[in-house]
Amino acid sequence: MTIIKRAKAPTPKFFKLLRTIGLAMAAIGSTIVAAPVALPFTIVTLGGYLAVAGGVLSAVSQLTSESKPNANAE
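Broken down by element type, the protein chain carries three helices and zero strands. Reading the secondary structure of the protein chain in the N-to-C direction produces α-α-α. Looking at the protein chain residue by residue over its 74 residues, the buried ones come to 18%. Nonlocal contacts in the protein chain, meaning residues at least 24 apart in sequence, comprise 76% of its contacts between residues at least 6 apart. Surface summary for the protein chain: the accessible area is close to 5,600 Å², and the carbon and sulfur share equals 72%.

Put into structure tokens, the structure is as follows:
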């Protein structure tokens, strides 16, 4: 199964929830990093990690599909 087909395939309900959580994490992390107020270095670093973790979680959750493996597949 190619990545395009996998991305278009139906996503299980649990992974839809994880994708939403990942998007929220990415949004919160990005907001912390881009805050117009001077924040401590530790908070800004944590915001960066939160944004990256949220992006990865969302991407992996989106590529999870419900399709059953095909015996004739590559």
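Once that is clear, we can look at a nonpolar patch on the surface. The grouping of F14, L17 and I21 at the surface amounts to a nonpolar patch, some 300 Å² of accessible area in total. Structurally, the position occupied by I21 is in helix α2 (residues 13-33). With a relative accessible area of 39%, I21 lands in the partly exposed category.

The contact between α2 and helix α3 (residues 41-62) brings their axes to 7 Å, and the two run at 155°. By the criterion of interaxial angle, the relationship of α2 to α3 is roughly antiparallel. As α2 packs across α3, the resulting crossing turns out to be left-handed. Here the contact of α2 with α3 is composed, by residue class, of 15 nonpolar, ten polar and one charged.

Structurally, T64 can be placed in the segment after α3. At 2.9 Å, the side chain of T64 forms a polar contact with the backbone oxygen of V60. Setting aside residues no more than four positions away along its own chain, T64 makes contact with P10, T11, P12 and F15.

A word on the environment of L18. By secondary structure assignment, the location of L18 is in helix α2. If we skip the residues at most four places from it in the chain, L18 touches L57 and S61.

Owing to its 3.6 residues per turn, the α-helix aligns residues three or four sequence positions apart on the same side. If you check α2, its first and last C-alpha atoms are 31 Å apart, about what 21 residues at 1.5 Å a residue would give, namely 30 Å. Inspection of α2 places G22, A26 and G29 among the buried residues, and these make up the whole buried set. End-on, the buried residues of α2 take up no more than an arc of 70°, which puts them together on one face. Residues of α2 that are exposed and point over 90 degrees away from its buried face: K13, L17, L23 and T31. Of the surrounding elements, those touching the buried residues of α2 are α3.

What counts, and where the lines are drawn
- Residues numbered from 1 in each chain as written.
- Predicted model: local features only at pLDDT ≥ 70, side-chain atom pairs only at ≥ 80, totals over all residues.
- Heavy atoms only, no water.
- Helix = DSSP H or I, 4+ residues; strand = E, 2+ residues; numbered from the N terminus.
- Buried < 20%, exposed > 50% of the residue type's maximum accessible area, 1.4 Å probe, protein only.
- Contact = heavy atoms within 4.5 Å.
- Areas by Shrake-Rupley, 256 points an atom, 1.4 Å probe, with all protein chains shown as cover.
- Patch = residues over 30% accessible without salt bridge, like charges linked within 9 Å, V, L, I, M, F, W, Y side chains within 5 Å.
- Salt bridge = Lys/Arg side-chain N within 4 Å of Asp/Glu carboxyl O.
- Axes fitted to C-alpha atoms, helices over the stretch in contact; angles between N-to-C directions.
- Parallel < 35°, antiparallel > 145°, perpendicular 65-115°, else oblique.
- Left-handed = near helix turned anticlockwise from the far one by under 90°.
- Nonpolar A, V, L, I, M, F, W, Y, C, P; charged D, E, K, R; others polar.
- Polar contact = N/O pair within 3.5 Å; in protein donor to acceptor, adjacent residues only side chain to side chain.
- Expected span 1.5 Å × (residues − 1).
- Arc of directions from axis to C-beta.

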